[in-house]
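Residues per chain, in single letters:
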Amino acid sequence: MATPPTRQALLSTYSSTLRAARSFASYNFRNYFVLRAREIFRGIQAEGDPMKVSLTYERAVTELAMLRRSAIVNQLYRGLPLPIEIRKNSRA
């Protein structure tokens with residue numbers, strides 16, 4: 001039986017996942033993965049069964065590794081910025 005992850009481990013994985021999601025060059029990918037990370041970790045927070053929390057945490061750690069690799073590839077093949085990105089940057 002797997003032991004449930006500590007609060008520190010969950011927070012560390014959550015912040016690493018958000019950091020990896022924000023490193024995407026593509027606006028659509030970046031926003032999708034940020035929303036997905038929030039959704040996954042809210043589900044972990046609401047879950048009461050320690051076994052399900054452990055399984056979901058292990059899946060989140062695996063997805064974090066995949067997300068980091070995907071972000072690197074996305075940065076290598078970045079396209080032109082979308083109009084919404086240009087408009088946001090000009091206001092800042």
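Residues numbered from 1 in each chain as written. Predicted model: local features only at pLDDT ≥ 70, side-chain atom pairs only at ≥ 80, totals over all residues. Heavy atoms only, no water.

Participant: Can you help me understand the environment of A37 in this one?
Facilitator: One can find A37 in helix α2 (residues 27–46). Judged by its relative accessible area of 2%, A37 falls in the buried class. Between the C-alpha atoms of A37 and A60, which are 23 residues apart in sequence, the distance is 8.5 Å. Aside from chain neighbours lying at most four places away, what touches A37 is Y14, T17 and L18. (Helix = DSSP H or I, 4+ residues; strand = E, 2+ residues; numbered from the N terminus. Buried < 20%, exposed > 50% of the residue type's maximum accessible area, 1.4 Å probe, protein only. Contact = heavy atoms within 4.5 Å.)

Participant: What exactly am I supposed to notice about the packing of aromatic side chains here?
Facilitator: Summed over the entire model, instances satisfying the criterion amount to five aromatic pairs. With centroids separated by 6.1 Å and ring planes inclined at 45 degrees, the aromatic side chains of F24 and F29 adopt a geometry described as tilted. Looking at F29, the relative accessible area reads 43%, which means it is partly exposed. Between the aromatic rings of F29 and F33, the centroid separation amounts to 6.5 Å while the plane-to-plane angle is 20 degrees, which identifies the pairing as stacked. A residue pair is termed a helical-turn pair when its members lie 3 or 4 positions apart in one helix, as F29 and F33 do in helix α2 at four residues. The exposure class of F33 is buried, given its relative accessible area of 15%. Taken together, F24, F29, Y32 and F33 form an aromatic cluster joined through their ring pairs. (Phe/Tyr/Trp six-rings, centres within 6.5 Å; stacked < 30°, edge-to-face > 60°.)

Participant: Please clarify how helix α1 (residues 7–22) should be interpreted in this entry.
Facilitator: For an α-helix, the turn length of 3.6 residues means that residues three or four places apart are oriented alike. Given a rise of 1.5 Å per residue, 16 residues ought to cover 22 Å, and the 23 Å separating the end C-alpha atoms of α1 matches this to within 8%. Taken residue by residue, α1 has L10, T13, S16, T17, L18, A20 and A21 as its buried positions. Residues of α1 that are buried sit in contact with α2 and α3 (50–76). (Expected span 1.5 Å × (residues − 1).)

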